[in-house]
Amino acid sequence: QVQLVESGGGLVQAGGSLRLSCAASGRTFGSYAMGWFRQAPGKEREFVAAIANWSRGTTYYADPVKGRFTISRDNAKNAVYLQMNSLKPDDTAVYYCAADPTWEILVAVKARSWGQGTQVTVSS
């Protein structure tokens, strides 16, 4: 497993942007598929975006964030990022970074490694 620490959350007005970062420990970071998830109050945790392991470049997004959010990774820095543009009040949630060697497990919100989360609040 890897240890994950998110940062970059905060309060932003609708239409604004934020960039979330996730720092990972471990020497095998590149072997993990990485993803971002979110959980709003009273709702279940949901998938936001994922990126394949190594440098394959494969990405996948939930429909509500397509065209607005971009996931990327830097294997040399053991980091994954989520650029969020055109934010909406509905994007308000705690955002979690997650890692799993298996893509299917990751996108099913069943990853074996999770960060502690970072709060994103979008005001109208």
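Here the structure is shown first, and the text comes after it.
Points about the state of the cysteines
For step 1, the next point in the chain: Applying the stated criterion across every chain yields a total of 1 disulfide.
For step 2, the next point in the chain: What pairs with Cys 22 in a disulfide is Cys 97, and their sulfur atoms sit 2.1 Å apart. Across the S-S bond of Cys 22 and Cys 97 the torsion is about -80°, and the bridge reads as left-handed. In this pair, Cys 22 is assigned in strand E3 (residues 18-24) and Cys 97 in strand E9 (residues 93-100), connecting sequence segments 75 residues apart. Grouping residues by exposure puts Cys 22 and Cys 97 together as buried.

Quick word on the side chain of Asn 78
For step 1, the next point in the chain: Within the element layout of this structure, Asn 78 appears in the loop between strand E7 (69-74) and strand E8 (79-84).
For step 2, the next point in the chain: On the accessibility criterion, Asn 78 (19% relative accessible area) is buried.
For step 3, the next point in the chain: Dropping the residues within four chain positions of it, Asn 78 is found in contact with Cys 22, Ala 23, Ala 24, Ser 25, Gly 26 and Phe 29.

About the cut-offs
Residues numbered from 1 in each chain as written. Predicted model: local features only at pLDDT ≥ 70, side-chain atom pairs only at ≥ 80, totals over all residues. Heavy atoms only, no water. Disulfide = S-S within 2.5 Å. Helix = DSSP H or I, 4+ residues; strand = E, 2+ residues; numbered from the N terminus. Buried < 20%, exposed > 50% of the residue type's maximum accessible area, 1.4 Å probe, protein only. Contact = heavy atoms within 4.5 Å.

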